[in-house]
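The chain contents come next:
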Amino acid sequence: MGMNDTPSGERVHIGFFGRRNAGKSSLVNAVTGQDLAIVSSVRGTTTDPVYKTMELLPLGPVMIIDTPGIDDEGELGALRVRKSYQVLNKTDIAILVVAADDGIMPQTIEAINHAKAAEIPIIVAVNKIDKENADPDRVLQQLTEHGLVPEEWGGETIVCKISAKQGIGIENLLEMV
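Residues numbered from 1 in each chain as written. Predicted model: local features only at pLDDT ≥ 70, side-chain atom pairs only at ≥ 80, totals over all residues. Heavy atoms only, no water.

1. Brief notes about the layout of surface pockets
Part 1 of the reasoning: Taken as a whole, the largest pocket spans an internal volume of roughly 380 Å³.
Part 2 of the reasoning: Taken together, 25 residues form the lining of the largest pocket, with Asn21, Gly23, Ser26, Val39 and Ser40 sitting closest to its centre.
Part 3 of the reasoning: Per-element accounting of the lining of the largest pocket gives the leading share, three residues, to helix α1 (residues 24–32).
Part 4 of the reasoning: Residue classes in the lining of the largest pocket are distributed as six nonpolar, 13 polar and six charged. (1 Å grid on protein atoms, 1.4 Å probe; cavity = no way out; pocket = protein on both sides within 12 Å on 5 of 7 lines; lining within 4 Å. Points joined across faces, edges and corners; volume = space filled by probe spheres on them. Helix = DSSP H or I, 4+ residues; strand = E, 2+ residues; numbered from the N terminus. Nonpolar A, V, L, I, M, F, W, Y, C, P; charged D, E, K, R; others polar.)

2. Regarding the nonpolar core
Part 1 of the reasoning: Ranked by internal contacts, the top residues of the largest apolar core, which has 24 residues, are Leu88, Leu96, Ile112, Ile122, Val124 and Leu143.
Part 2 of the reasoning: For this core, the secondary-structure elements that each account for two or more residues are β3 (60–66), α2 (74–89), β4 (93–99), α3 (106–117), β5 (122–127) and α4 (136–145). (Core = buried A, V, L, I, M, F, W, Y, C linked by side-chain atoms within 4.5 Å. Buried < 20%, exposed > 50% of the residue type's maximum accessible area, 1.4 Å probe, protein only.)

3. Describing α3
Part 1 of the reasoning: Relative to the 16 Å expected for 12 residues at 1.5 Å per residue, α3 spans 16 Å between its end C-alpha atoms, a close match to the ideal helical length.
Part 2 of the reasoning: Listing the buried residues of α3 in full gives Thr108, Ile109, Ala111, Ile112 and Ala115. Down the axis of α3, the buried side of the element spans an arc of 160°, and every buried residue falls inside it. Summarising the geometry of α3, the exposed residues directed more than 90 degrees from the buried face are Pro106 and Ala117.
Part 3 of the reasoning: If you follow the buried residues of α3, they end up packed against α2, β4, β5 and α4. (Expected span 1.5 Å × (residues − 1). Arc of directions from axis to C-beta. Contact = heavy atoms within 4.5 Å.)

4. Regarding unusual backbone geometry
Part 1 of the reasoning: The amide bond that connects Leu57 to the next residue, Pro58, takes the cis arrangement and shows omega of 10°.
Part 2 of the reasoning: With respect to the secondary-structure elements, Pro58 resides in the loop between β2 (50–56) and β3.
Part 3 of the reasoning: With phi around 65°, Asn21 is a residue other than glycine that occupies positive phi space.
Part 4 of the reasoning: Secondary-structure assignment places Asn21 in the loop between β1 (12–18) and α1.
Part 5 of the reasoning: The partly exposed category is assigned to Asn21, whose relative accessible area is 25%.
Part 6 of the reasoning: A positive phi angle is found at Glu119, which is not glycine, with a value near 60°.
Part 7 of the reasoning: Along the chain, Glu119 falls in the loop between α3 and β5.

5. As for the side chain of Lys24
Part 1 of the reasoning: Counting through the fold element by element, Lys24 comes out in helix α1.
Part 2 of the reasoning: For Lys24, which is buried and forms no salt bridge, the nearest opposite charge comes from Asp66, at a distance of 5.6 Å. (Lys, Arg positive; Asp, Glu negative; His and termini not counted. Salt bridge = Lys/Arg side-chain N within 4 Å of Asp/Glu carboxyl O.)

6. Here's the deal with α1
Part 1 of the reasoning: Burial analysis of α1 places seven of its nine residues in the buried class, the great majority of the element.
Part 2 of the reasoning: Buried residues in α1 make contact with β1, β2, β3, β4, β5 and α5 (170–176).

7. Quick look at the packing of α2 against α3
Packed helices, taken two at a time, are described by the angle their axes make and the gap between the axes.
Part 1 of the reasoning: For the pair α2 and α3, interaxial distance at closest approach is 10 Å and the crossing angle is 30°. As summarised for this structure, α2 and α3 are arranged roughly parallel, according to the angle between their axes. For the element pair α2 and α3, the recorded crossing hand is right-handed. Only Gln107, Glu110, Ala111, His114 and Ala115 of α3 make contact with α2, whose side of the interface consists of Tyr85, Leu88 and Asn89. (Axes fitted to C-alpha atoms, helices over the stretch in contact; angles between N-to-C directions. Parallel < 35°, antiparallel > 145°, perpendicular 65-115°, else oblique. Left-handed = near helix turned anticlockwise from the far one by under 90°.)

8. Regarding the side chain of Asn127
Part 1 of the reasoning: Structurally, Asn127 is set in strand β5.
Part 2 of the reasoning: Residue class for Asn127 comes out buried when judged on its relative accessible area of 3%.
Part 3 of the reasoning: For Asn127, the residues in contact, after removing those within four places along its chain, are Ala22, Gly23, Val97, Val98, Ala99, Ala100, Ile162, Ser163 and Ala164.

9. Observations regarding the confidence of the model for the protein chain
Part 1 of the reasoning: Predicted confidence across the protein chain gives a mean pLDDT of 88, with 92% of residues reaching 70 or more.
Part 2 of the reasoning: When pLDDT is averaged over each element of the protein chain, β1 comes out on top at 96 and strand β6 (residues 157–161) at the bottom at 82.
Part 3 of the reasoning: Below pLDDT 50 for its whole length, residues 151–155 participates in eight contacts with residues either more than four positions away or in separate chains. (pLDDT = per-residue confidence, 0-100.)

Set out below in structure tokens:
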């Protein structure tokens, strides 16, 4: 069945999650090869999930979903976070984007544990490795310290170092998906 013949519900849903300004929208743009999502240095630019259907070989037809930050604040922010978790609940593969200069935050751990409880495979995309103060190894160490390493989950979680802005590691990430 081709992409146009595959109903939305039968496509593999790949959701991009993470804190505000972790680079989710930049990564979605890099993966799709389009300026699909608005990218800005302003935290909380993505206010609603953004959906894109495409063909991703060898998976076939997929639904790519960019989500608001899981660390948004205030009354409106709480609604955005809730929307992100609603998307996570209907995701087949979760890509959790972590900025290499931020590291693992409580919201990151919460999202990983939520996906784990729902038995959703996760790829942790350590983004912004090209930044001067980036420390992707610290992120890996933090994952280990919190017991969130791939070995614990039997390979359901994979870690990939990337720079969405520079296009570094995108092909590797797609192979992991």
